[in-house]
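Coordinates in review
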Amino acid sequence: AESGTVEEIGMIYTRIVTPDGRRIYIPNSDAASARICNYSAEGKRRIDLAVTASYADDTQTVKDTLLSLAAHSPCLEGTTPEVYVTGLLDSSVQYTLRLWVSEADYWPTRYALTEAVKREFDAAGISIPYPQMDVHLTK
């Protein structure tokens, strides 16, 4: 599956330009039978940023830290950022930060938030665990 901005719809092909500057030609027969998701039609997008923290970390502290980061992001007026616990994984608790931004702010905000999560988790003493395995030896 390819994603990009439609540049031209011709008789045989639809030409799109990808975010990294490639031109892709998709046969119209493929485009006609494919599921197409238009990310820019509404002018807004929701960022769903999933992060993990240790089971030892306080849930409310993690949620407050994520909401604090969202408060410094260009959220759309009339929307409120949300944080949920979305998974209890093998080595960590998964949280999802959700916020609405303009379509133009989506990627810059997503990248800035991802970097800020690492910085702010480090400052707050929240650990981002990696997969671990306990091995017990018996005789």
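Scope of this entry: the structure provided in the associated data block. Everything numeric in this text was worked out from a predicted model, so none of it was measured.

The next point concerns the packing of aromatic side chains. This model, assessed by the stated rule, comprises three aromatic pairs. Ring geometry for Tyr13 against Tyr25: centres 6.5 Å apart, planes inclined by 90°, an arrangement best described as edge-to-face. Placement of the pair is Tyr13 in strand β2 (residues 13–17) and Tyr25 in strand β3 (residues 23–27), with a sequence separation of 12 residues. With relative accessibility at 43%, the residue Tyr13 sits in the partly exposed group. Accessibility expressed as a relative area gives 47% for Tyr25, which makes it partly exposed. Seen from the ring of Trp100, Lys44 lies directly overhead, with NZ or CZ sitting 4.9 Å from the centre. Sitting over the ring of Tyr106, Arg45 keeps its end group 3.7 Å from the ring centre.

Time to look at the sheet that holds strand β4 (residues 44–53). Ordered in space as β4-β6-β5, the three strands form an open sheet in which the pairing is antiparallel. Of all the strands in the sheet, just β4 and β5 (82–88) have a single pairing partner and so form its edges. Averaged over all pairs of adjacent strands, the angle between their axes in this sheet comes to 25°, without regard to strand direction. Taken together, the six bridges between β5 and strand β6 (residues 93–102) define a ladder with antiparallel strand orientation. Following the sheet pairing, Val83 is matched in β6 by Leu97. The sheet strands contacting helix α3 (residues 106–124) are β4 and β6, and the helix crosses β4 at an angle near 20°.

Rules behind the numbers
Residues numbered from 1 in each chain as written. Predicted model: local features only at pLDDT ≥ 70, side-chain atom pairs only at ≥ 80, totals over all residues. Heavy atoms only, no water. Phe/Tyr/Trp six-rings, centres within 6.5 Å; stacked < 30°, edge-to-face > 60°. Helix = DSSP H or I, 4+ residues; strand = E, 2+ residues; numbered from the N terminus. Buried < 20%, exposed > 50% of the residue type's maximum accessible area, 1.4 Å probe, protein only. Lys NZ or Arg CZ within 6 Å of the ring centre and 35° of its normal. Pairing = 2+ DSSP bridges. Axes fitted to C-alpha atoms, helices over the stretch in contact; angles between N-to-C directions. Contact = heavy atoms within 4.5 Å.

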